[in-house]
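Each chain is listed here by its residues.
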Amino acid sequence: MRVLVIGSGAREHAIVLALRRDPSVTAIVAAPGNPGIGQHAELRPVEATSAEDVVALAGEVAADLVVIGPEVPLVLGVADAVRAAGFPVFGPSADAARIEGSKAFAKDVMAVAGVKTAHSEIVDTPAELDDALDRFGPTWVVKDDGLAAGKGVVVTADRRAARDHAAELLEQGHPVLLESFLDGPEVSLFCLVDGETVVPLLPAQDHKRVGDGDAGPNTGGMGAYTPLPWLPDETLTAIVEDVVKPVAAELVNRGSAFSGLLYAGLAIGKDGPAVVEFNCRFGDPETQAVLALLDSPFAELLHATATGRLAEVDAPRWKDGSAITVVIAAENYPARPRTGDVITGADDTATAAETLVLHAGTATRADNALVSAGGRVLNVVGVGEDLAQARERAYARLAQIKLPGSHHRTDIGATEVVIPS
């Protein structure tokens, strides 16, 4: 099987490494990829949001499977074009990708499907803002209704901060979603979905805020770990049966059947799971930890999903133990990050069983030096017999990497998690 992977981040780096472990995969092309991915796959340039360019590339490389990593191409319908050209593609249609591309659409789907989520209101004019804010609190949740790479969300007890963020979004022409605050720890559950067939992967927990102790603004994610020793099996079953399956069925009912990876972000409160958000693709940085423990042929799972045969393949198998991802971010991230700094100590360790260094925002300079080229620059993945060992290995490997001005959280996976009762 020849696989074309669209994307350029650490998520795609993890996907490429998981594909390499599948004996059925004979070649991997990544577009546009990054310097780390380039050590394991052929890199080709592409404009990932151009359906015409992606279809042309799939033809050039004779792809047997196309895997689209980021959400923006999916929301723009790139998967539709690839599928229409006759290539099996792992990624939903534009209609189905609205589950992430429009939070208002997702809320409507959940309402019809009977899925518990936060109360919400859409505000699309400044004149409505103050009255709407008065109907929420004492903790305000303010979201960009469209795609915002995880950074369009403000959760705050400061009404002025909530108002300022909402006003800024409205000034940019973006409708604002106000939500009631959901208590309890958050869980990310990835599910392979083929119509109404739902196959869950390992649950993970993301750490969204930039600083230790969940301080500071939201980011695209500063780290994650899997599995979750504090999450009861019956709660995981309830998420699949009462949340993901009803949403998948409702998308089928609407003529927008989902094919790909449906990501449910949930808060586990005293009254059970409630949905924070849905995404239409593998999450970042949770994927990096989850795939580190996968012990099944990855391409087989993705190809079966893409070709409507997910119900026919064996359920995923998992290695024993735990995995953790820690993100190394550039100076000033999540605001305007500083780029162009030389990185040392990030030599590839992809063959190691204990740690991986995945590239997220890197580039190679003319003199072949590796430099930072984004906000989230590198991910360090640690694998161990338990979470404590995985953490120890990840942070020991991270200490060997030098990037001027960089920062990372030191508490990924370290907080004792308690579900409200």
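Because the structure is predicted, anything quoted here is derived from the model rather than measured.

Another aspect to go through is helix H12 (residues 387-398). Here H12 contains 12 residues, and its C-alpha end-to-end distance of 16 Å stays within 8% of the 16 Å for a straight helix at 1.5 Å per residue. All buried positions along H12 are accounted for by Leu 387, Ala 390, Arg 391, Ala 394, Tyr 395, Arg 397 and Leu 398. Projected down its long axis, H12 carries its buried residues within an arc of 160°, all on one side. Residues of H12 that are exposed and angled more than 90 degrees away from the buried face: Ala 388 and Glu 392. Considering only its buried residues, H12 is in contact with strand E14 (223-226), strand E17 (322-329), strand E18 (355-359) and strand E21 (376-384). N-capping of H12 is provided by Asp 386, with a side-chain oxygen placed 3.3 Å from the backbone N of Ala 388.

Turning our attention to the side chain of Lys 103. By the element assignment, Lys 103 lies in helix H6 (residues 103-113). Once you skip the residues sitting within four places of it in the chain, Lys 103 turns out to touch Lys 143, Asp 144, Asp 145, Gly 146 and Leu 177.

Next up on the list: the nonpolar core. In this structure, Leu 4, Ile 6, Val 66, Ile 99, Val 244, Val 247 and Phe 278 are the most contacted members of the largest nonpolar core, which totals 71 residues. The biggest single contributor to this core is helix H9 (residues 233-253), with 7 residues. Once residues lying within four places of it in the same chain are set aside, the contact partners of Leu 4 are Val 29, Ala 31, Val 54, Leu 57, Ala 58, Val 61, Ala 63, Leu 65, Val 66 and Val 67. Core analysis: the next-biggest nonpolar cluster, separate from the first, contains 46 residues, Leu 17, Phe 282, Leu 301 and Leu 356 among them.

As enumerated under the stated definition, the model contains 22 salt bridges in all. Among the salt bridges present, the one from Glu 100 reaches Arg 281, with a minimum N-O distance of 2.7 Å. Taken together, the residues span a long stretch of sequence, with Glu 100 in helix H5 (residues 94-101) and Arg 281 in the loop between strand E16 (272-279) and helix H10 (286-292) at a distance of 181 residues. You can call Arg 281 buried: its relative accessible area is 11%. The salt bridge involving Arg 365 is made with Asp 367; its shortest N-O contact spans 2.8 Å. Three or more residues joined by partner-sharing salt bridges are found here, namely Asp 130, Asp 134, Arg 159 and Arg 163.

Conventions we followed
- Residues numbered from 1 in each chain as written.
- Predicted model: local features only at pLDDT ≥ 70, side-chain atom pairs only at ≥ 80, totals over all residues.
- Heavy atoms only, no water.
- Helix = DSSP H or I, 4+ residues; strand = E, 2+ residues; numbered from the N terminus.
- Expected span 1.5 Å × (residues − 1).
- Buried < 20%, exposed > 50% of the residue type's maximum accessible area, 1.4 Å probe, protein only.
- Arc of directions from axis to C-beta.
- Contact = heavy atoms within 4.5 Å.
- Polar contact = N/O pair within 3.5 Å; in protein donor to acceptor, adjacent residues only side chain to side chain.
- Core = buried A, V, L, I, M, F, W, Y, C linked by side-chain atoms within 4.5 Å.
- Salt bridge = Lys/Arg side-chain N within 4 Å of Asp/Glu carboxyl O.

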